[in-house]
Amino acid sequence: MTDGLLQNLVKLTLSHCTKCTTLSVGQLPCLRELYIKMMQELEELPEVQCPSLGRLHISHCPQLRKVPNSNAKFKSSEDKDV
């Protein structure tokens with residue numbers, strides 16, 4: 001995705017997607033905040049292609065077993081809530 005309106009998206013919240021088992025947000029160069037919550041069947045979150053991402057918040061995803069190794073992308077550990 002290189003020329004869509006979503007390229008300017010800065011905040012994304014995904015919530016209550018009860019049947020979703022894996023998630024890929026694609027390439028969102030302006031995305032600064034990603035919130036994932038109440039996704040009961042989510043098992044995997046692949047590497048996020050968002051160079052501007054400064055906050056990743058994941059909550060209430062009991063089946064989640066794999067998250068990207070993105071520690072270097074965040075300013076501090078407080079910016080990543082898992």
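Scroll up to find the structure this text is about.
Everything in this summary refers to the structure shown in the same document. (Residues numbered from 1 in each chain as written. Predicted model: local features only at pLDDT ≥ 70, side-chain atom pairs only at ≥ 80, totals over all residues. Heavy atoms only, no water.)

Looking now at the overall build of the protein chain. Along the backbone of the protein chain there are 0 helices and 4 strands. Along the chain direction, N to C, the helices and strands of the protein chain fall in the order β-β-β-β. Scored against the burial criterion, the 82 residues of the protein chain give a buried share of 32%. Sequence separation of at least 24 residues holds for 12% of the intrachain contacts in the protein chain that already meet a minimum separation of 6. Entry remark: accessible area of the protein chain is about 5400 Å², with carbon and sulfur atoms responsible for 51%. (Helix = DSSP H or I, 4+ residues; strand = E, 2+ residues; numbered from the N terminus. Buried < 20%, exposed > 50% of the residue type's maximum accessible area, 1.4 Å probe, protein only. Contact = heavy atoms within 4.5 Å. Areas by Shrake-Rupley, 256 points an atom, 1.4 Å probe, with all protein chains shown as cover.)

With respect to the helices and strands, Gln7 occurs in the segment before β1 (11-15). A distance of 3.3 Å separates a polar side-chain atom of Gln7 from the backbone oxygen of Gln27. (Polar contact = N/O pair within 3.5 Å; in protein donor to acceptor, adjacent residues only side chain to side chain.)

If a residue is not glycine, its phi is most likely negative; likewise, a peptide bond is most likely trans. Residues other than glycine seldom take positive phi values, yet His16 does so here, at roughly 60 degrees. With relative accessibility at 53%, the residue His16 sits in the exposed group.

Another point: the pairing of β1. Burial along β1 is one-sided: the face carrying Leu12 and Leu14 is buried and the face carrying Lys11, Thr13 and Ser15 is not. Pairing of β1 with strand β2 (residues 33-37), which is carried by 5 bridges, proceeds in the parallel orientation. By the bridge assignment, Leu12 is partnered in β2 with Leu34. (Pairing = 2+ DSSP bridges.)

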